[in-house]
Amino acid sequence: MSRLLENPADQEDDLVLCRENKLFAQQFLAGELELEFAPQGTLAERIRAGGAGIPAFYTKTGVGTLIAEARK
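Only a predicted model underlies this, so the values are computations on that prediction, with no experimental measurement involved.

Quick notes on the rules
Residues numbered from 1 in each chain as written. Predicted model: local features only at pLDDT ≥ 70, side-chain atom pairs only at ≥ 80, totals over all residues. Heavy atoms only, no water. Helix = DSSP H or I, 4+ residues; strand = E, 2+ residues; numbered from the N terminus. Contact = heavy atoms within 4.5 Å. Areas by Shrake-Rupley, 256 points an atom, 1.4 Å probe, with all protein chains shown as cover. Salt bridge = Lys/Arg side-chain N within 4 Å of Asp/Glu carboxyl O. Buried < 20%, exposed > 50% of the residue type's maximum accessible area, 1.4 Å probe, protein only.

A. Here's a closer look at the overall build of the protein chain. The secondary structure content of the protein chain amounts to four helices and zero strands. The long-range fraction of contacts in the protein chain, counting pairs at least 24 apart against all pairs at least 6 apart in sequence, stands at 17%. Roughly 6,600 Å² of accessible area belongs to the protein chain as shown, and the carbon and sulfur atoms make up 54% of that amount.

B. The pattern of salt bridges, seen in detail. The final tally for this structure, using the stated rule, is one salt bridge. Residue Glu45 is joined to Arg48 by a salt bridge in which the shortest nitrogen-to-oxygen separation is 2.7 Å. Note that Glu45 and Arg48 are positioned in helix H3 (residues 40–51) at a spacing of three residues, about one turn of the helix. A relative accessible area of 44% means that Arg48 is categorised as partly exposed.

Here is the structure:
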């Protein structure tokens, strides 16, 4: 992960686990990184769909929660 952080690019990377990493913490606290939490099953489906050329899919994870309501 440090190699990705040392060479920033305008791209989105999916990480399953992010443990203690000083460079990650510095960049996140400085607002240089955006963090999105996703269930592991959703992440697996993103990877599967991307490999199959499927540009979008729907999962009902989070539907009807406070976070979903705040996004409206």
